[in-house]
Amino acid sequence: MLEGGCLCGAVRYAVSADPGPIVHCHCHTCRKAHGAAFSSVMPVAREAFRWTAGDEALNRFESSEGKFRHFCSKCGSHIMAERESQPVVLLRLGCLDTEIEGNPLGHIWRSDCATWYSPKDVLPEYPEGFPAK
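Residues numbered from 1 in each chain as written. Predicted model: local features only at pLDDT ≥ 70, side-chain atom pairs only at ≥ 80, totals over all residues. Heavy atoms only, no water.

### What about the side chain of H26?
1) Next: Take H26: it is sitting in the loop between β3 (23-25) and α1 (28-34).
2) Next: Residues in contact with H26, not counting those within four places in the same chain, are R31, A37, F38, H107, I108, W109, R110, D112, C113 and Y117. (Helix = DSSP H or I, 4+ residues; strand = E, 2+ residues; numbered from the N terminus. Contact = heavy atoms within 4.5 Å.)

Written as structure tokens, this is what we have:
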């Protein structure tokens with residue numbers, strides 16, 4: 001069972017399936033929706049996904065024809081996206097509470113990528129924010 005929810009805790013979901021493949025999407029709409037260089041996503045079977053709390057806070061936006069991005073109207077967290085004709089929904093992994101293992105399969109929509117980020121860059125890592133000077 002996978003579980004997750006939004007930043008404020010109003011919207012919650014559960015998935016009765018094992019984790020699927022992870023990809024990092026660099027498309028223009030993912031970058032705009034998440035305010036980041038990319039969005040990490042994982043497809044899960046539509047029938048395995050269910051909302052468990054927060055119907056009153058849940059909203060959606062049609063970002064391109066037939067693609068709906070579901071988010072919390074209180075805190076703005078983007079939780080999942082779907083094309084209603086598809087057998088899977090895309091979980092936004094930043095909202096997943098269940099720890100999962102696995103390596104991402106790759107980066108998609110690199111043709112739309114932010115000019116200031118490259119997955120090829122090796123950058124320093126800091127466990128707790130950027131160190132003070």
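### Topic: the pairing of strand β9 (residues 88-92)
1) Next: In the sheet, strand β4 (residues 39-45) pairs with β9 via five bridges, with the strands oriented antiparallel. Bridge pairing links V44 to V89 in β9.
2) Next: Judged from the three bridges that link them, strand β8 (residues 78-83) and β9 form a sheet pairing that is antiparallel. Within the sheet, the bridge partner assigned to A81 lies in β9 and is L90.
3) Next: Counting the residues between successive antiparallel strands, the hairpin from β8 to β9 contains four residues. (Pairing = 2+ DSSP bridges.)

### Considering the UniProt feature "domain: CENP-V/GFA" (unreviewed entry) in the protein
1) Next: UniProt annotation of "domain: CENP-V/GFA" (unreviewed entry) refers to residues 2-106 when read in the numbering used here.
2) Next: Split by type, residues 2-106 is 7% helix and 46% strand. Its first and last C-alpha atoms lie 22 Å apart. (UniProt positions renumbered as here; feature names shortened; annotations may be inferred.)

### Considerations on unusual backbone geometry
1) Next: Unusually for a residue other than glycine, W109 sits at a positive phi of about 55 degrees.
2) Next: The topology assignment puts W109 in the segment after β10 (106-108).

### Focus on the pairing of strand β6 (residues 58-64)
1) Next: The pairing of β6 with strand β7 (residues 67-72) spans six bridges and is antiparallel. Each residue of the ladder has a partner; that of R60, found in β7, is H70.
2) Next: Counted along the chain from β6 to the antiparallel partner β7, the turn is two residues long, and its residue G66 has a positive phi close to 85 degrees.

### A few points about the sheet that holds strand β1 (residues 2-5)
Neighbouring strands of a sheet are bound in pairs by backbone hydrogen bonds; such pairs are parallel or else antiparallel.
1) Next: Reading across from one edge, β1-β2-β5 is the order of the three strands in this open sheet, with antiparallel pairing throughout. On the outer flanks of this sheet lie β1 and β5 (49-53), each paired with one strand and no other. Looking at each pair of strands side by side, their axes are set apart by 25 degrees on average, direction ignored.
2) Next: Inspection of the sheet shows β1 paired to strand β2 (residues 12-15) by four bridges, in the antiparallel sense. Its bridge partner being in β2, L2 is matched across the sheet by V15. (Axes fitted to C-alpha atoms, helices over the stretch in contact; angles between N-to-C directions.)

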